[in-house]
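Take a look at the letters that make up each chain.
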Amino acid sequence: METKVRHTTEAISGKDSPLTVTRQLGLQEIVVSGEAVQVADATIFDSPLGTSRCFTRVQPEAPPEERAVSRGRILEAATQAMLDQGIW
């Protein structure tokens, strides 16, 4: 896992306040509402107003058949959009 920490300031009520942004890249497991969840990356914002956490859940790899069906729907939508705009 790779961790990047950035220290900066943000304006709160006209005053500059410290803000620490910590980004953790890589597969990890965190606890959300008492349940263990696998995430691909997590970002933590820490300021005088409090702490916020953002994360991206790990998505299971879709089977090739499902990916082909999804790709077909995307192509259909893109083709229809171009036809509607008179591009094709």
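Look above for the structure.
The shown structure was predicted, so the numbers you read here are calculated from the model rather than taken from an experiment. (Residues numbered from 1 in each chain as written. Predicted model: local features only at pLDDT ≥ 70, side-chain atom pairs only at ≥ 80, totals over all residues. Heavy atoms only, no water.)

1. A closer look at the environment of Ala68
As a reminder, the rule being used: Here a strand is any run of E in DSSP of at least two residues, a helix any run of H or I of at least four, and the numbering for each starts at the N terminus. Between buried and exposed lies partly exposed: a residue is buried under 20% and exposed over 50% of the maximum accessible area for its type, with that area taken using a 1.4 Å probe on protein chains only.
Considering the arrangement of structural elements, one finds Ala68 in helix α1 (residues 64-84). For Ala68, a relative accessible area of 44% puts it in the partly exposed group. In sequence terms Ala68 and Gln24 are 44 residues apart; their C-alpha atoms lie 32 Å from each other.

2. Overview of the pattern of salt bridges
Stated formally: We define a salt bridge as a side-chain nitrogen of Lys or Arg found within 4 Å of a carboxyl oxygen belonging to Asp or Glu.
Counted under the stated rule, the structure contains 2 salt bridges. Notably, a salt bridge pairs Lys4 with Glu2, separated by 3.8 Å at the nearest N-O pair. According to the relative accessible area criterion, Lys4 is partly exposed, its value standing at 45%.

3. Remarks on the sheet that holds strand β2 (residues 15-32)
What counts here: By the convention used here, strands pair only if DSSP detects at least 2 bridges between them. Note on geometry: axes are C-alpha line fits, over the in-contact stretch for helices, and angles between N-to-C directions span 0 to 180 degrees.
The sheet built from 4 strands is open, its strands ordered β1-β2-β3-β4 with antiparallel pairing. Every interior strand has two partners, whereas the edge strands, β1 (2-12) and β4 (50-57), have only one. The average angle at which neighbouring strand axes cross in this sheet is 25°, direction not considered. Here 11 bridges tie β1 to β2, and the two strands are oriented antiparallel to one another. Its bridge partner being in β2, Thr8 is matched across the sheet by Leu19.

4. So, a nonpolar patch on the surface
Stated precisely, the cut-off is as follows: To count toward a patch, a residue needs a relative accessible area over 30% and no salt bridge; like charges are then connected within 9 Å, while nonpolar side chains (Val, Leu, Ile, Met, Phe, Trp, Tyr) are connected within 5 Å. The protein chains shown are the only cover counted for residues, whose accessible areas, like all others here, come from Shrake-Rupley with a 1.4 Å probe.
A surface patch of nonpolar side chains, about 370 Å² in accessible area, is lined by Leu83, Ile87 and Trp88. Tracing the chain through its elements places Trp88 in the segment after α1.

5. Here's the deal with the pairing of β2
Counted along the chain from β1 to the antiparallel partner β2, the turn is 2 residues long, and its residue Ser13 has a positive phi close to 55°. The turn linking β2 back onto strand β3 (residues 35-47) is made up of 2 residues, and Ser33 within it adopts a positive phi angle of 55°.

6. With respect to the pairing of β4
Sheet topology places β3 next to β4; 8 bridges connect them, and they run antiparallel. Within β4, the residue paired with Ser47 across the bridge is Gly50. Connecting β3 to the next strand, β4, in antiparallel fashion are 2 residues.

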